[in-house]
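Notes for the structure review
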Amino acid sequence: MNRSRSEQPAWAGESGQPVLTVEGLHITVAGGRSEAVRDVSFGVRAGEAVGVVGESGSGKTLTCRSLLGVLPPGCAVSAGSARLDGTELTSLTARAWERLRGVQLGAVFQDPASYLNPSLTVGRQLAEPLRVRLGLSRTDAHRRAVELFGSVGLRQPAEIYHRYPHELSGGMLQRVLIAVAVACEPRLLVADEATTALDTVVQAEVLDLLARLRDELGLALLLVTHDLAVVAEVTDRVLVFYAGEIVEDGPTADVVARPAHPYTAALLSVASGGDWHRRELAVIPGRPPEAGADLPGCRFADRCTFAEDRCRTARVPLTTTGDGRRVRCVRAAELAETLARPAAFEEVPA
Ligand SMILES: Nc1ncnc2c1ncn2[C@@H]1O[C@H](COP(=O)(O)OP(=O)(O)OP(=O)(O)O)[C@@H](O)[C@H]1O
Ligand SMILES: [Mg+2]
């Protein structure tokens, strides 16, 4: 395939192959009637944590679910490719998904209770995949499960093994789910709002745990969150989604310090407002276009302070800017100084 420079993935020139490579991914909903994810391309390397941010409905969860082979009914990948260590995910059979999920691919979601079987002890739910997927004996699977419960910070892991989900707190269940997700040492862990429902202290502990597992196992981590402080603290790169598209991608520290897209700058504006108690994305006046709306120009134009006529006339490509960053804005270069602001994240109180 022949690519122009503007379409070249930002990671293409860097060393080392990504564990996950997503290229030109499109996802349709409502039985193909509208497109909720458009032309999404990115990579995640071993040991790298990539954050995904964007308003509700911007396509973060659909993108994650497509990578796990669990898109909701009526939703489908209509174009593009997603490869995990060279294995094409978009054309896998149900059987191949079963072999991959939980082994090479781990997932942690917001509501751990709904992913665990209420009638089985959590120990059994961890030991079972160890026996089936890794072929461990009953005794070895039990020993390994207790070890894993310990390594995700559950106290008295041998006792936890015999507990049922309803006997554990939300934070404990999230740790159980992380233990299940990493039991077979996956290459990629997808965490979609995994810590949102937890209180701040437990959230920090779970995030530390993910960071540690990333370092120890060389996990590639894809982390969806509404919490900018989490993005700033945990991730190496950040993808900013808007209305089904990536509008900005770059090293987190750079994006946070110098947002290149007006939408990113608007999301970050709450930070410069000094409101550190609500460390969530800023609420931007107006609404994003409908998921399926086929607009001729920039999808953010109607809410953008800087929009000009030319922003509304032609589709805006995601352009590589040369410093490992990509931005989908025709005015990015001329707005760079305007959108730059003090690195307010460094001032986040502990
Ligand atoms: N099962 C579904 N059927 C039809 N449309 C869907 C379905 N799931 C999601 N969508 C649509 O796809 C778009 C993207 O949804 P998605 O859940 O990926 O958003 P999100 O970025 O994860 O939002 P949030 O921050 O609220 O979790 C939305 O417009 C949503 O209405
Ligand atoms: Mg979501």
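Attention here is on the structure that accompanies the text.

Criteria and cut-off values
Each chain has its residues counted from 1, running along the sequence as written. Naming scheme: in the order in which they are written, chains are lettered from A and ligands are numbered from 1. A pLDDT threshold of at least 70 governs which residues receive local features in this predicted model, and a stricter bar of 80 or more applies before side-chain atom pairs are shown or counted, although totals over entire chains, interfaces and linings include all residues. Side-chain metrics rest on all non-hydrogen atoms present in the structure, leaving aside hydrogens and water. Throughout this description, the term nonpolar core refers to a set of buried Ala, Val, Leu, Ile, Met, Phe, Trp, Tyr and Cys residues connected via side-chain atoms within 4.5 Å. Using a 1.4 Å probe on the protein chains alone, a residue whose accessible area is under 20% of its type maximum counts as buried, one over 50% counts as exposed, and one in between counts as partly exposed. Counting from the N terminus, the helices are DSSP H or I runs at least four residues long and the strands are E runs at least two residues long. Here, residues are in contact when the closest pair of their heavy atoms is within 4.5 Å. By definition, two strands form a pair when at least two bridges between them are found by DSSP. Between the N-to-C directions of two axes lies an angle of 0 to 180 degrees, each axis being a line fitted to C-alpha atoms and, for a helix, fitted only over the stretch in contact. Each reported salt bridge corresponds to a side-chain nitrogen of Lys or Arg within 4 Å of a carboxyl oxygen of Asp or Glu.

Another point: the nonpolar core. Core analysis: the largest hydrophobic core is formed by 40 residues, its most contacted members being V108, L126, L130, F149, V176, I178 and L189. When residues of this core are assigned to their parent elements, the largest contribution, seven residues, is made by helix α6 (residues 170-182). Here V176 is in contact with L116, V122, F149, L154 and L168, once residues within four sequence places are set aside. Ranked by size, the runner-up nonpolar core spans 34 residues in total, among them L67, L89, V190 and V224.

Let us now look at the sheet that holds strand β5 (residues 87-88). What the four strands build is an open sheet, ordered β2-β1-β4-β5; its pairing is antiparallel. Each of the sheet's edge strands pairs with one partner strand only, and the pair in question is β2 (34-44) and β5. Judged from the seven bridges that link them, strand β1 (residues 20-29) and β2 form a sheet pairing that is antiparallel. When the bridges of β2 are listed, V22 appears paired with F42. Helix-sheet contacts for helix α1 (residues 60-68) involve β1, β2 and β4 (76-84), and the interaxial angle to β1 is about 115 degrees.

Attention now moves to the pattern of salt bridges. Within this structure, the stated rule accounts for 22 salt bridges. The partner of R143 in a salt bridge is D140, and the shortest N-O contact between them spans 3.1 Å. Of the two residues, R143 and D140 both sit in helix α4 (residues 138-151), three residues apart, roughly one turn of that helix. For R143, a relative accessible area of 48% corresponds to the partly exposed category. Taking relative accessible area as the criterion, D140 reaches 32% and is therefore assigned partly exposed. In this structure, E248 and R325 form a salt bridge, with 2.6 Å as the shortest nitrogen-oxygen distance. One end of the pair, E248, is in strand β10 (residues 245-251); the other, R325, is in the loop between β11 (319-320) and β12 (326-327), with 77 residues separating them in the sequence. Assigned by exposure class, E248 and R325 land together as buried.

The values are spatial; any link to function lies outside them.
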